[in-house]
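Structural overview for review
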Amino acid sequence: MKFLRRSIWLLTGIIITVPLIVFGVVHWYQDKFEKLPVLGGYDVSEKGIPIQHTISPFEFENQDGKIFSSDNEKNKIIIANFFFTSCAGICPNMMNHVKQVQGFFLQDPNIHFISFTVDPKRDNAPRLKWYADQYNIKTDNWDLLTGKKNEIYKLARKSFYLSANEGDGGENDFIHSEQLVLLDKNKHIRGYYNGTDDNSMEQLKHDIKKLEHEN
């Protein structure tokens, strides 16, 4: 009888434990090796061939008054967002979260942060420099960019897909998003993250490390 009871307990333990082990192994494998999705659908090449969507090349002025080109950061993982310096709503919270993520990867030469102003009329280079100083932003691997509004808005809509609303980047056009966008080294979109949410920022850190292993 004791032997039977022990056998039943052993069998029950196996039935409970084995699925948990299998689940753990599968979860670990997915967490470590499963690639992040490539988002944004497909573009059409000059030859009419569908190709994975990439962020269009851009060139704007940074907080130091220097020209920053997307070609500057070839072979780097990019975290991008759109903000404006006079924003008193979501932007301070979002930018503080970006600072936290930057601090986590500050010594990592493979990571770069870019913030585009959506109010370039007011946010010229000196204003962006002032903002960086006010928020103690380390610009070693973080550029705040300004330029022509229609070009910035076209990039936000057509490349980063941050607004479903159409617009021409004119005087009355406005885009405001709390989303951070993760780009791989080939400028493919690999994730969107709520820049005002702590959990979303933890996921971003995790996905950046995952993307580094992928590359």
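Above this note sits the structure.
Residues numbered from 1 in each chain as written. Predicted model: local features only at pLDDT ≥ 70, side-chain atom pairs only at ≥ 80, totals over all residues. Heavy atoms only, no water.

Here we come to the pairing of strand β5 (residues 77-83). Counting buried positions along β5 gives 7 out of 7 residues, so the element sits mostly inside the fold. On β5, burial covers both faces: Ile77, Ile79, Asn81 and Phe83 on one face and Ile78, Ala80 and Phe82 on the other are all buried. Relative to strand β6 (residues 111-117), β5 runs parallel, the two being bridged by 7 bridges. Within β6, the position partnered with isoleucine 79 by the bridge is phenylalanine 113. (Buried < 20%, exposed > 50% of the residue type's maximum accessible area, 1.4 Å probe, protein only. Helix = DSSP H or I, 4+ residues; strand = E, 2+ residues; numbered from the N terminus. Pairing = 2+ DSSP bridges.)

This part is about helix α4 (residues 149-159). Along an α-helix, residues three or four positions apart point the same way, because every turn accommodates 3.6 residues. Looking at α4, one finds that the buried residues are Ile152, Tyr153, Leu155, Ala156, Arg157 and Ser159. Residues of α4 that are buried sit in contact with β3 (59-62), β5, β6, β7 (142-146) and β9 (189-194). Taken from the residues just after α4, tyrosine 161 is the one with a positive phi, measuring 55°. (Contact = heavy atoms within 4.5 Å.)

Turning our attention to the environment of asparagine 150. Secondary-structure assignment places asparagine 150 in helix α4. Expressed as a C-alpha distance, the spacing of asparagine 150 and valine 118, which sit 32 residues apart in the sequence, is 9.7 Å. Among residues more than four places away in sequence, those in contact with asparagine 150 are Asp168 and Gly169.

Moving on to the nonpolar core. Counting 48 residues, the largest nonpolar core has Phe58, Ile79, Phe116, Phe160, Leu182 and Leu204 as its most contacted members. The element contributing the most residues to this core is β5, with 6 residues. When residues no more than four places from it in sequence are discounted, the contact partners of leucine 204 are Ile79, Val101, Leu180, Leu182 and Tyr193. (Core = buried A, V, L, I, M, F, W, Y, C linked by side-chain atoms within 4.5 Å.)

The next thing to look at is the pattern of salt bridges. Tallied over the entire structure, the rule returns 7 salt bridges. Measuring nitrogen to oxygen at the nearest pair gives 2.9 Å for the salt bridge that ties aspartate 184 to arginine 190. Each member of the pair, aspartate 184 together with arginine 190, is buried. Each of Asp184, Arg190 and Glu214 takes part in a single network of salt bridges with overlapping partners. (Salt bridge = Lys/Arg side-chain N within 4 Å of Asp/Glu carboxyl O.)

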